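Residue strings, one per chain:
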Amino acid sequence: MNKLCCFGASYSRLVGGRSSSSAGKGKSHEGSIKYGFSLIKGKANHPMEDYHVAKFVQIQRHELGLFAIYDGHLGDGVPAYLQKHLFSNILKEEEFWVDPNRSISKAYERTDQAILSHGSDLGRGGSTAVTAILINGQRLWVANVGDSRAVLSRGGQAIQMSTDHEPNTERGSIEHRGGFVSNMPGDVPRVNGQLAVSRAFGDRNLKSHLRSDPDIQDTVIDNNVDILILASDGLWKVMSNQEAVDIARRIKDPLKAAKQLTAEALKRDSKDDISCVVVRFRR
């Protein structure tokens, strides 16, 4: 495979260290598609556990936009591993160019197996993932496990491109695997009373009761599509899909839009880590 090379990426560490906040922006080779990202540590008493990817790369005369949010729990070992390896694992799949769906699914599963085999190094925690691959600015493939979400704006209408994997909605699968769903302790349904998502990378101690296969959606990027938002549940807990789209569409600069979304989530008293990538298409 050709060596990856990035275009138009710039990053700024606003406060310093993984435990604080970061933001940055970039664009496609021809500059017609721009992106910005903003990550803010939540109010919980632990280091920042959200990671992201936002870049354009050239491979075999194709330009790919690679965007992702990884929301870790019980440590940042797994999301950090995903940031480094998940996209490269997807693109290593021989069938990627002819069958992206199958390749993405296989890479998710193989990456989870690799994480579990590195368990002692990566800790006992886990991570959600939402990934978006934009092929030549024309076709978008979105995959996810967990509750990090991707939302597209088509003609100003919010369209969710991912599936929230919550214990209540996948109770049958969890119980079939010998697990259970309980609201105790706490106020939300959790797998075995511990984890508030039904699919995740890692989570060695719960893995027999969890799935890590992604839901995958794809769409054509036509002239009606203007915005793509990827964000962790720190945003979606306090904001609807349409509210996020409305805020992002009002701001031409995607970096400023991403910052506005994270700031608004903080204003609405989101206590979790908040991470957001905004992609703006040729407008």
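These figures come from a predicted structure and were not determined experimentally. (Residues numbered from 1 in each chain as written. Predicted model: local features only at pLDDT ≥ 70, side-chain atom pairs only at ≥ 80, totals over all residues. Heavy atoms only, no water.)

A. Just helix α2 (residues 100-117), in detail. Along its 18 residues, α2 runs 25 Å from first to last C-alpha, staying within 8% of the 26 Å computed at 1.5 Å per residue. Restricting attention to buried positions, one finds in α2 the residues Pro100, Ser103, Ile104, Ala107, Tyr108, Thr111, Asp112, Ile115 and Leu116. Buried residues in α2 make contact with α1 (77-92), α3 (119-122), β7 (129-135), β8 (139-145), β13 (201-202) and β14 (215-220). (Helix = DSSP H or I, 4+ residues; strand = E, 2+ residues; numbered from the N terminus. Expected span 1.5 Å × (residues − 1). Buried < 20%, exposed > 50% of the residue type's maximum accessible area, 1.4 Å probe, protein only. Contact = heavy atoms within 4.5 Å.)

B. Just the pairing of strand β4 (residues 50-59), in detail. Here β4 lies mainly inside the structure; 8 of its 10 residues are buried. Here 10 bridges tie β4 to strand β5 (residues 62-73), and the two strands are oriented antiparallel to one another. Bridged to Lys55 within β5 is Leu66. (Pairing = 2+ DSSP bridges.)

C. Representation of the packing of aromatic side chains in the model. On inspection of all chains with the given rule, the structure shows 5 aromatic pairs. Their ring planes at 35° and their centres at 6.1 Å tell us that Tyr35 and Phe56 sit as a pair that is tilted. Residue Tyr35 is located in strand β3 (residues 34-40), and its partner Phe56 is located in strand β4; the two are separated by 21 residues in the primary sequence. Owing to a relative accessible area of 0%, Tyr35 belongs among the buried residues under this scheme. Ring geometry for Tyr35 versus Phe67: centroids 5.6 Å apart, planes at 70°, classification edge-to-face. On the criterion of sequence distance, the pair formed by Tyr35 in strand β3 and Phe67 in strand β5 is long-range, its members being 32 residues apart. Taken individually, Tyr35 and Phe67 each receive the classification buried, so the pair is uniform in this respect. Chaining the aromatic ring pairs together yields one cluster made of Tyr35, Phe56 and Phe67. (Phe/Tyr/Trp six-rings, centres within 6.5 Å; stacked < 30°, edge-to-face > 60°.)

D. Structural context of the environment of Glu264. Relative to the helices and strands, Glu264 is located in helix α7 (residues 254-267). On the basis of relative accessibility, which here comes to 15%, the residue Glu264 falls in the buried class. Excluding residues within four positions of it along the chain, Glu264 makes contact with Met239 and Ile247.

E. Spotlight on a positive patch on the surface. Together, Lys25, Lys27, Lys34, Lys252, Lys256 and Lys259 give the surface a local cluster of positive charge. Where the positive patch is concerned, the elements lending two or more residues are β2 (21-27) and α7. (Patch = residues over 30% accessible without salt bridge, like charges linked within 9 Å, V, L, I, M, F, W, Y side chains within 5 Å. Areas by Shrake-Rupley, 256 points an atom, 1.4 Å probe, with all protein chains shown as cover. Salt bridge = Lys/Arg side-chain N within 4 Å of Asp/Glu carboxyl O. Lys, Arg positive; Asp, Glu negative; His and termini not counted. Charge placed at Lys NZ, Arg CZ, Asp CG, Glu CD.)

F. Spatial organisation of the side chain of Asp203. Checked against the element boundaries, Asp203 lands in the loop between β13 and β14. Residue contacts for Asp203: discarding those within four places in its chain leaves His73, Arg124, Gly125, Gly126, Ser127, Leu195 and Leu210.

G. View of the pattern of salt bridges. Applying the stated criterion to the full structure yields 20 salt bridges. Connected through shared salt-bridge partners, Glu170, Arg199, Arg211, Asp213 and Asp215 make up one network.

H. Structural view of the UniProt feature "domain: PPM-type phosphatase" (unreviewed entry) in the protein. Within this structure's numbering, the places UniProt gives as "domain: PPM-type phosphatase" (unreviewed entry) are residues 34-281. Between the C-alpha atoms that bound residues 34-281 the distance is 7 Å, and the span itself is 29% helix and 33% strand. (UniProt positions renumbered as here; feature names shortened; annotations may be inferred.)

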